[in-house]
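Each chain, written out:
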Amino acid sequence: MVDLCLSADPELTSLTLVTTCLAAAAGGVSAAIFSNLMYKNFDLTMFMNGVLGGLVGITAGADQMSPTDAILIGTCCWSTHCSCRIFY
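Residues numbered from 1 in each chain as written. Predicted model: local features only at pLDDT ≥ 70, side-chain atom pairs only at ≥ 80, totals over all residues. Heavy atoms only, no water.

A. Quick peek at the overall build of the protein chain. On a plain count of helices and strands, the protein chain comes out with three helices and zero strands. Going residue by residue from the N terminus, the α and β elements of the protein chain occur as α-α-α. Classification of the 88 residues of the protein chain by burial places 27% in the buried group. In the structure as shown, the protein chain presents an accessible area of about 5900 Å², 72% of it carried by carbon and sulfur atoms. (Helix = DSSP H or I, 4+ residues; strand = E, 2+ residues; numbered from the N terminus. Buried < 20%, exposed > 50% of the residue type's maximum accessible area, 1.4 Å probe, protein only. Areas by Shrake-Rupley, 256 points an atom, 1.4 Å probe, with all protein chains shown as cover.)

Printed below as a string of C-alpha coordinates:
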(Lines give C-alpha, C1' and ligand atoms only; values in the text may rest on other atoms or scores of the structure.)
Protein backbone atom coordinates (compact mmCIF):
# COMPACT_ATOMS: atom_id res chain seq x y z
CA MET A 1 0.00 0.00 0.00
CA VAL A 2 1.37 3.39 -1.01
CA ASP A 3 1.36 6.20 1.52
CA LEU A 4 -0.25 9.09 -0.37
CA CYS A 5 1.09 11.74 2.00
CA LEU A 6 4.72 11.01 1.11
CA SER A 7 4.34 10.19 -2.58
CA ALA A 8 5.57 13.55 -3.93
CA ASP A 9 8.79 13.58 -5.92
CA PRO A 10 11.38 15.40 -3.75
CA GLU A 11 13.34 16.71 -6.74
CA LEU A 12 10.28 18.22 -8.41
CA THR A 13 9.00 19.63 -5.13
CA SER A 14 12.30 21.35 -4.37
CA LEU A 15 12.48 22.79 -7.90
CA THR A 16 8.98 24.20 -7.46
CA LEU A 17 9.94 25.85 -4.17
CA VAL A 18 13.14 27.32 -5.61
CA THR A 19 11.49 28.75 -8.72
CA THR A 20 8.63 30.22 -6.70
CA CYS A 21 10.98 31.95 -4.28
CA LEU A 22 13.25 33.21 -7.05
CA ALA A 23 10.36 34.70 -9.02
CA ALA A 24 9.05 36.49 -5.93
CA ALA A 25 12.51 37.79 -5.05
CA ALA A 26 13.18 38.96 -8.61
CA GLY A 27 9.87 40.81 -8.71
CA GLY A 28 10.54 42.51 -5.39
CA VAL A 29 14.12 43.49 -6.18
CA SER A 30 13.13 44.81 -9.61
CA ALA A 31 10.37 46.88 -8.05
CA ALA A 32 12.73 48.26 -5.40
CA ILE A 33 15.34 49.24 -7.99
CA PHE A 34 12.72 50.88 -10.18
CA SER A 35 11.23 52.72 -7.21
CA ASN A 36 14.65 54.02 -6.24
CA LEU A 37 15.40 55.19 -9.77
CA MET A 38 11.99 56.73 -10.38
CA TYR A 39 11.12 58.27 -6.99
CA LYS A 40 14.56 58.43 -5.29
CA ASN A 41 13.38 56.29 -2.36
CA PHE A 42 12.55 52.69 -1.57
CA ASP A 43 8.80 52.21 -1.43
CA LEU A 44 7.65 49.20 0.60
CA THR A 45 4.31 48.96 -1.19
CA MET A 46 6.05 48.92 -4.57
CA PHE A 47 8.36 46.18 -3.30
CA MET A 48 5.47 44.06 -2.04
CA ASN A 49 3.55 44.56 -5.27
CA GLY A 50 6.64 43.34 -7.10
CA VAL A 51 6.75 40.23 -4.92
CA LEU A 52 3.07 39.63 -5.59
CA GLY A 53 3.54 40.11 -9.32
CA GLY A 54 6.39 37.60 -9.35
CA LEU A 55 4.33 35.06 -7.42
CA VAL A 56 1.33 35.43 -9.71
CA GLY A 57 3.49 35.07 -12.79
CA ILE A 58 5.27 31.88 -11.75
CA THR A 59 2.35 30.06 -10.12
CA ALA A 60 1.04 28.13 -13.13
CA GLY A 61 4.35 26.74 -14.33
CA ALA A 62 6.60 26.68 -11.29
CA ASP A 63 7.45 23.02 -11.77
CA GLN A 64 8.24 23.46 -15.49
CA MET A 65 10.65 26.42 -15.30
CA SER A 66 14.37 26.59 -14.66
CA PRO A 67 15.68 28.97 -11.98
CA THR A 68 16.88 31.40 -14.66
CA ASP A 69 13.44 31.39 -16.27
CA ALA A 70 11.89 32.07 -12.87
CA ILE A 71 14.02 35.19 -12.43
CA LEU A 72 13.06 36.47 -15.87
CA ILE A 73 9.38 35.74 -15.27
CA GLY A 74 9.41 37.47 -11.89
CA THR A 75 11.02 40.56 -13.42
CA CYS A 76 8.63 40.71 -16.37
CA CYS A 77 5.50 40.07 -14.32
CA TRP A 78 6.43 42.76 -11.83
CA SER A 79 6.38 45.37 -14.58
CA THR A 80 2.97 44.20 -15.76
CA HIS A 81 1.53 44.08 -12.25
CA CYS A 82 2.83 47.48 -11.16
CA SER A 83 2.12 49.37 -14.37
CA CYS A 84 -1.29 50.42 -13.06
CA ARG A 85 0.28 52.18 -10.11
CA ILE A 86 2.93 53.89 -12.21
CA PHE A 87 0.75 55.14 -15.05
CA TYR A 88 -2.60 55.73 -13.33
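Still more to cover.
B. Looking closely at the nonpolar core. Listed in full, the five residues of the largest apolar core are Ala-23, Ile-58, Ala-62, Ala-70 and Ile-73. Once you skip the residues sitting within four places of it in the chain, Ala-62 turns out to touch Leu-15, Thr-16, Thr-19 and Thr-20. (Core = buried A, V, L, I, M, F, W, Y, C linked by side-chain atoms within 4.5 Å. Contact = heavy atoms within 4.5 Å.)

C. Structural detail: the packing of helix H1 (residues 10-39) against helix H2 (residues 44-58). At a minimum axis separation of 7 Å, H1 and H2 run at an interaxial angle of 145°. Crossing of H1 against H2: the hand is right-handed. Seen from H1, the contacting residues are Thr-19, Thr-20, Ala-23, Ala-24, Gly-27, Gly-28, Val-29, Ala-31, Ala-32, Ser-35 and Tyr-39; seen from H2, they are Met-46, Phe-47, Gly-50, Val-51, Gly-54, Leu-55 and Ile-58. When its residues are assigned to classes, the contact of H1 with H2 shows eleven nonpolar, seven polar and no charged. (Axes fitted to C-alpha atoms, helices over the stretch in contact; angles between N-to-C directions. Left-handed = near helix turned anticlockwise from the far one by under 90°. Nonpolar A, V, L, I, M, F, W, Y, C, P; charged D, E, K, R; others polar.)

D. Spotlight on the side chain of Ser-30. Counting through the fold element by element, Ser-30 comes out in helix H1. Since its relative accessible area comes to 16%, Ser-30 is described here as buried. A distance of 3.5 Å separates a polar atom in the side chain of Ser-30 from a polar atom in the side chain of Thr-75. Residues within four places of Ser-30 in sequence aside, it is in contact with Thr-75 and Trp-78. (Polar contact = N/O pair within 3.5 Å; in protein donor to acceptor, adjacent residues only side chain to side chain.)

Keep in mind that these numbers describe shape and distance, not what the molecule does.
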